[in-house]
Every structure is written in structure tokens, then in C-alpha cells.
Amino acid sequence: MKTGLVLEGGALRTIYSSGVCDGLLDGGVMADYVVGVSAGIAYGVSYVSRQRGRNLEILTKYAGDRRYMGVGNLLRKDNRSYFGLKFSYETIPNELVPFDYETFAAYPGEVEAVVTNLDTGKAEYYHVPRGDKGFTLLQATCAMPLMFPIFRVNGKPCLDGGAADAIPFRRAFEKGCDRAVVVLTHPRDYVRQPEKLQPVIDRYYRRYPNFCETMRRRAETYNRDREELFQLEREGKALVIAPRTTRGVSRIERDTEKLRLLWGDGYQDAIARMEEIRAFVRG
């Protein structure tokens, strides 16, 4: 029997998922396969490397640091992202809050990240390299439209995987998982609304009409996918963990107390359901 862990994105709101993952580590639960989108997998690699509390440490130390995120980064010609790419994906993991590459490399399962191919408008799934100290793929999966530059993955123009497959639970089953633990970053009653910036997206990415169409359908696709996921949960094939509230945490939240509280919600949700999670994983 094979268990997958599926991690939705949500930028800094994904600290909830980090709390869940830290709870899973404390409970001795390690999935056989991990797939995530955007910050879901960018934070999720710390679960695979068994570094409990690492993401919380990063955000509480650096969420207010302009080197980490801020408009100034977006205006820099060598960056073109709201987030400081070199600081976030190189300086932090290689110097300030070291990432355990050795433990990550020793993980026996697969770890995949999702990106959206701009030419096709479809999701593509790639193994997260075990020794990439620049985390190039993780930068690409986190690349929110209008807030990041376009990345090339295998020569293809790509952005945030959440555009095409925000909750990649189907991928877990395609990869042979019998069941999936799925961590969401919105409450169960959340309903995504159409993209307010769609006219801007249509103009800015006019060279990529398929991507623009994917963004236009994004809300409808996302809401339908959640319905399918909750049906799988009723059938016993998925175990869904979702916040009761996001505590008003935004994708670019700087209030470290709010981030700490949302992490705590995720941690407590995992611990409170640990027996259920263990039984689910054992099958």
C-alpha cells in the first residue's frame, strides 16, 4: 500500500500546511510520495528533510525582511519578482536556515512539483532535484502570475503550478498511491471567485493564449476539483486536512504573530487527528 501527501499552495498562508507537516513528523508519519504546488512543495521539502519547525523559523525571522519580499524586489532588473529570489532560494537554505540536503536525498520516495506550461496552459509534473542548491524548480512552481518572471523548465516557459492544477491529488493516484493525505490552505467552505485581474493577465501574457484561458477557467476548475476531492474523502480514498480559518493571513503576510498562530492551527489539527491519520496510512 502506498500513501501520497498532497500539498496545496497559497504563498505564506501555506504556513498552515507546515504546521500539519510538523505534526506528521512528530507523529512519525512519513508519506511514500509527496507532490505539491507553489509554496506547498517549497515548504514541503522541509517535511521530506525532516526539519521540524524550519519553515516557521524562516517566516518568523524573514517575513518582514525586504530582502525576502517587497515591491523593491519586483522592480530590480536582476530579480523581477516580489520575492527576493536569490535571498529566498539560495541565501536562506544554504547559509541562514540550512536545508538538510543529505536527509532529503536519502528519502526513498518521489517528490514532485507542479508547474503550468504557458504554451499549453496545462500542468506538468517534475521530480524535485535532490542536489539543486538554487531550487530552480521550486522557484518555477512558486511563480505567481504578474509577481514572478517566467521560468524555463526543460526549455518550456512555466509559471505557478496552481494555475493549472492547484490541488494535485489526481497525480498522487496516477503515481500509484492507494490513498492520499491532502492538506488544503483554505477552509472547507471556501469557493474561489473569478480572477479580478484577468484583463491584466490577458494583456500581459497575450503571447500565451492557452495560459490566459486556463487562468480564465481557474476558479471553475478549482471549485470542481474540490468537490471531487471531498467525494474521494467520503469514499475513504483521501484524508483531507483544512484550516477552519486562515486568520486573515494573506499571501504576502508580514505579521509574524498571525503566521505563528496559523502554523499552530495546522500543528494542532494534525496532532488531534493523529490516530485517524495513522490508521488511514496503514490502510
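Conventions and cut-offs
Residues numbered from 1 in each chain as written. Predicted model: local features only at pLDDT ≥ 70, side-chain atom pairs only at ≥ 80, totals over all residues. Heavy atoms only, no water. Buried < 20%, exposed > 50% of the residue type's maximum accessible area, 1.4 Å probe, protein only. Helix = DSSP H or I, 4+ residues; strand = E, 2+ residues; numbered from the N terminus. Pairing = 2+ DSSP bridges. Right-handed = clockwise from strand over helix to strand, strands pointing away. Expected span 1.5 Å × (residues − 1). Axes fitted to C-alpha atoms, helices over the stretch in contact; angles between N-to-C directions. Parallel < 35°, antiparallel > 145°, perpendicular 65-115°, else oblique. Left-handed = near helix turned anticlockwise from the far one by under 90°. Contact = heavy atoms within 4.5 Å. Nonpolar A, V, L, I, M, F, W, Y, C, P; charged D, E, K, R; others polar. Salt bridge = Lys/Arg side-chain N within 4 Å of Asp/Glu carboxyl O.

Among the 5 residues of strand E1 (residues 3-7), 5 are classified as buried, and the element is accordingly described as predominantly covered. Of the two faces of E1, the one lined by Thr3, Leu5 and Leu7 and the one lined by Gly4 and Val6 are each fully buried. Taken together, the 4 bridges between E1 and strand E2 (residues 33-37) define a ladder with parallel strand orientation. By the bridge assignment, Gly4 is partnered in E2 with Tyr33. Handedness of the E1-helix H1 (residues 15-26)-E2 crossover: right-handed.

For the rest of this paragraph, the subject is H1. Its 12 residues give H1 an end-to-end C-alpha distance of 17 Å, which sits within 8% of 16 Å, the value for a rise of 1.5 Å per residue. All of the buried residues along H1 are Ile15, Tyr16, Ser17, Ser18, Gly19, Val20, Cys21, Asp22, Gly23, Leu24 and Leu25. The positive-phi residue at the C-terminal boundary of H1 is Gly28, with phi of around 75 degrees.

Across the interface, helix H3 (residues 54-62) lies against helix H5 (residues 85-96) with an axial gap of 12 Å and an inter-helix angle of 115 degrees. By the angle between their directions, the pair H3 and H5 is classed as roughly perpendicular. As for how H3 packs across H5, the hand of that crossing is right-handed. Where H3 approaches H5, its residues Arg54, Ile58 and Tyr62 are matched on the opposing element by Phe87, Ile92, Pro93 and Leu96. Class assignment of the residues belonging to the contact of H3 with H5 gives a composition of 6 nonpolar, no polar and 1 charged.

Negative phi is the rule for most residues except glycine; trans is the rule for most peptide bonds. In this structure, Phe135 takes a positive phi of about 50 degrees despite not being glycine. Relative to the elements of secondary structure, Phe135 occurs in the loop between strand E4 (123-127) and helix H7 (136-141). With a relative accessible area of 8%, Phe135 lands in the buried category. Despite not being glycine, Leu146 has its phi angle at roughly 75 degrees, a positive value. Mapped onto the secondary structure, Leu146 falls in the loop between H7 and strand E5 (151-153).

In total, this model carries 21 salt bridges according to the counting rule given. Residues Arg171 and Glu112 are paired through a salt bridge, measuring 2.9 Å at the closest nitrogen-oxygen approach. Residue Arg171 is located in helix H8 (residues 169-174), and its partner Glu112 is located in strand E3 (residues 110-117); the two are separated by 59 residues in the primary sequence. Ionic pairing is found between Arg247 and Asp265, a salt bridge with its closest N-O pair at 2.7 Å. With Arg247 in the loop between strand E8 (238-241) and helix H12 (256-272) and Asp265 in helix H12, this pair connects stretches of sequence that are 18 residues apart. Residue classification places Asp265 among the buried residues on the basis of a relative accessible area of 16%. What emerges from the salt-bridge pattern is a single network uniting Asp202, Glu213, Arg216 and Arg217.

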